[in-house]
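# Structural overview
As a plain string of letters, each chain reads:
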Amino acid sequence: GAGVSQSPSNKVTEKGKDVELRCDPISGHTALYWYRQSLGQGLEFLIYFQGNSAPDKSGLPSDRFSAERTGGSVSTLTIQRTQQEDSAVYLCASSLGSADTYGYTFGSGTRLTVV
Amino acid sequence: GESVGLHLPTLSVQEGDNSIINCAYSNSASDYFIWYKQESGKGPQFIIDIRSNMDKRQGQRVTVLLNKTVKHLSLQIAATQPGDSAVYFCAETFTGGFKTIFGAGTRLFVKA
């Protein structure tokens, strides 16, 4: 597609429920990234995928968070047993290659509210 | 954890004035730096970048300055316009790297 697409754009869920957030990267982009942006805060790195390499999961805050990328394209970020502190905007980005050469293109994010 | 910090969380300027947004980075190994602009409801967008072998780079109305000695970046916006109102993030990575670390952001308000 023309840009990075994220769905849903907004999600309200009850505490304790599981949620899945979806990211469709730009076609042909080999790298895909997930970031979390809490209200009034910066972007917190969560995970990235690059080609067939093992993902860098070093930013996932707990084992309730997981992500997968199927077929080198679409990615799903799953949060199990959601907590109120999980409320944030979850941003996805993709790039053709390394960040310094190709740069990131971000989606508009999914705003998650846990009530 | 890893962080790139900002000195001023909020900046208010008069339309037509120049704006300066500052940033301190923590990783001495970083050699590529980027400024992003984020408007309400949107993802961050690339503004300008600079590599560590430079200390200044100019774009259209924007200039980035890099001081490696004190690990400091700044973004200068000339003749600030209402459309410049947004949150600005500095970010760092390294040559060939994929993971980028973002700072906390500065919100810029432009008064008409």
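Our structure is the block above this text.
Read on for an overview of the structure. (Residues numbered from 1 in each chain as written. Chains lettered and ligands numbered in written order. Predicted model: local features only at pLDDT ≥ 70, side-chain atom pairs only at ≥ 80, totals over all residues. Heavy atoms only, no water.)

## Quick notes on the interface of chain B and chain A
Counting residues at the interface gives 20 residues for chain B, matched by 22 residues for chain A. Of all residues in chain B, Phe98, Lys99 and Phe102 of chain B bury the most surface against chain A, accounting for 40% of the area lost on that side. Remark: the boundary between chain B and chain A carries one salt bridge. Across the salt bridge formed by Arg51 of chain B and Asp100 of chain A, the nearest N and O atoms sit 3.0 Å from each other. Counting the contacts that link chain B with chain A gives nine residue pairs in polar contact (both at pLDDT 80 or more). Within the residue set of the side of chain B that touches chain A, elements represented by two or more residues are β4 (32–38) and β9 (86–93) of chain B. It is β4 of chain B that provides the largest number of residues to the side of chain B that touches chain A, a total of three residues. Residue classes in the side of chain B that touches chain A are distributed as eight nonpolar, nine polar and three charged. (Contact = heavy atoms within 4.5 Å. Buried area = accessible area lost by both parts, 1.4 Å probe. Salt bridge = Lys/Arg side-chain N within 4 Å of Asp/Glu carboxyl O. Polar contact = N/O pair within 3.5 Å; in protein donor to acceptor, adjacent residues only side chain to side chain. Helix = DSSP H or I, 4+ residues; strand = E, 2+ residues; numbered from the N terminus. Nonpolar A, V, L, I, M, F, W, Y, C, P; charged D, E, K, R; others polar.)

## Let's talk about the sheet that holds strand β1 (residues 5–7) of chain A
Paired through their backbone hydrogen bonds, the strands of a sheet run either parallel or antiparallel. All names here are of chain A. One open sheet holds the four strands; their spatial order is β1-β3-β7-β6, and the pairing between them is antiparallel. Two strands in the sheet have a free side with no partner beyond their single neighbour: β1 and β6 (65–69). The sheet shows a mean angle of 15° between the axes of neighbouring strands, taken without regard to direction. Looking at chain direction, β6 and strand β7 (residues 75–79) are connected through five bridges and run antiparallel. Residue pairing in the sheet places Arg69 in a bridge with Ser75 of β7. (Pairing = 2+ DSSP bridges. Axes fitted to C-alpha atoms, helices over the stretch in contact; angles between N-to-C directions.)

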